[in-house]
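Here is how the chains run, residue by residue.
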Amino acid sequence: CYAKKSVVFVENSPADAMFVVRKGLVKLEETLSDGSTRIVRVVRKGGIAGLETFLDNNQRFDQTAIALQETEICRIPYEVVESLLKTDPDFYKAVLKEWHLQIEATNRVIVEFSTGSLKQRLANVLLMLIEEANHNSHVEIEMIHIDDMAALTGVTRESFSRILSEFKRQEVLIKSGPGRMRFNEGALREIIELHPE
């Protein structure tokens, strides 16, 4: 179990396991040449962090993994993974499927979270949180830190905060408790479709 903001593994540290997210969200971020960090992927329930290092001869993690929410993770040592790949064809297929899903998740960060208007970008991040809530049969979303939402979308914290406040005024989001919001999913989808300025 990892508390919110806990580090699961660190970029360039030795890799000897993969991590299956059983509950919550984990961000994977890379350090850029100027020393800043960029979120490259968000791993949700059922997803795997650290899979890409399995075939890397140097076996070092490519990113830093940090829990965005209270998160439960199953750590699978690479020795176990190697054994299962040799003996279980279904496991092999599942690993290939997960690899494909990781590529799609990375593309999502590039396309949905990094393009379009600020409102569209925020709506896409909130829809990701709604998907996570739906997986767990929740009627509200657990918000992630505003700095992480801004980092996902490549906009300033101030700009993101302004749009978030506007969504609250329009009751697209309604505060339901500490760090929790009820949401109008239809309104968020309309924002994405209407391409607002």
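Scroll up a little and you will see the structure.
Residues numbered from 1 in each chain as written. Predicted model: local features only at pLDDT ≥ 70, side-chain atom pairs only at ≥ 80, totals over all residues. Heavy atoms only, no water.

Draft legend 1. Broad picture of the environment of Arg121. When you line up the elements, Arg121 lands in helix H3 (residues 118-135). The buried category is assigned to Arg121, whose relative accessible area is 15%. A sequence separation of 22 residues divides Arg121 from Met143, and the C-alpha atoms of the two residues are 15 Å apart. Each residue touching Arg121, except ones within four places of it in the same chain, is listed here: Glu112, Phe113, Ser114, Thr115, Gly116, Thr153, Gly154 and Val155. (Helix = DSSP H or I, 4+ residues; strand = E, 2+ residues; numbered from the N terminus. Buried < 20%, exposed > 50% of the residue type's maximum accessible area, 1.4 Å probe, protein only. Contact = heavy atoms within 4.5 Å.)

Draft legend 2. Here's a closer look at helix H4 (residues 146-153). Counting buried residues along H4, six of its eight residues qualify, which places the element largely inside the surrounding structure. Buried within H4 are the following residues: Ile146, Asp148, Met149, Ala150, Leu152 and Thr153. Gly154 occupies a position one or two residues after H4 and carries a positive phi of about 70°.

Draft legend 3. Here's a closer look at the sheet that holds strand S3 (residues 26-31). Taken together, four strands build an open sheet; the order of strands is S1-S6-S3-S4 and the sheet is antiparallel. Two strands in the sheet have a free side with no partner beyond their single neighbour: strand S1 (7-9) and strand S4 (37-43). Strand-to-strand twist of the sheet, defined as the mean angle between neighbouring strand axes without regard to direction, takes the value 30°. In the sheet, S3 pairs with strand S6 (residues 64-67) via four bridges, with the strands oriented antiparallel. From the neighbouring strand, Lys27 faces S6, where its bridge partner is Ile66. Contacts from H4 reach S3 and S4 within the one sheet, and its direction differs from that of S4 by about 95°. (Pairing = 2+ DSSP bridges. Axes fitted to C-alpha atoms, helices over the stretch in contact; angles between N-to-C directions.)

Draft legend 4. Highlighting the pattern of salt bridges. Considering all chains together, one arrives at nine salt bridges under this definition. Glu29 is the salt-bridge partner of Lys27, the closest N and O atoms lying 3.3 Å from each other. Assigned by exposure class, Lys27 and Glu29 land together as buried. We note a salt bridge from Lys27 to Asp148, for which the minimum N-O separation is 2.4 Å. (Salt bridge = Lys/Arg side-chain N within 4 Å of Asp/Glu carboxyl O.)

Draft legend 5. Unusual backbone geometry, seen in detail. The phi angle at Asn12 is positive, at roughly 70°, despite the residue not being glycine. Among the secondary structure elements, Asn12 is positioned in the loop between S1 and strand S2 (17-23). Overall, the relative accessible area of 51% leaves Asn12 in the exposed class. Phi is positive for Glu171, close to 60°, though the residue is something other than glycine. Residue position: Glu171 is located in the loop between helix H5 (157-169) and strand S9 (173-177). Glu171 gets classed as exposed once you look at its relative accessible area, which sits at 52%.

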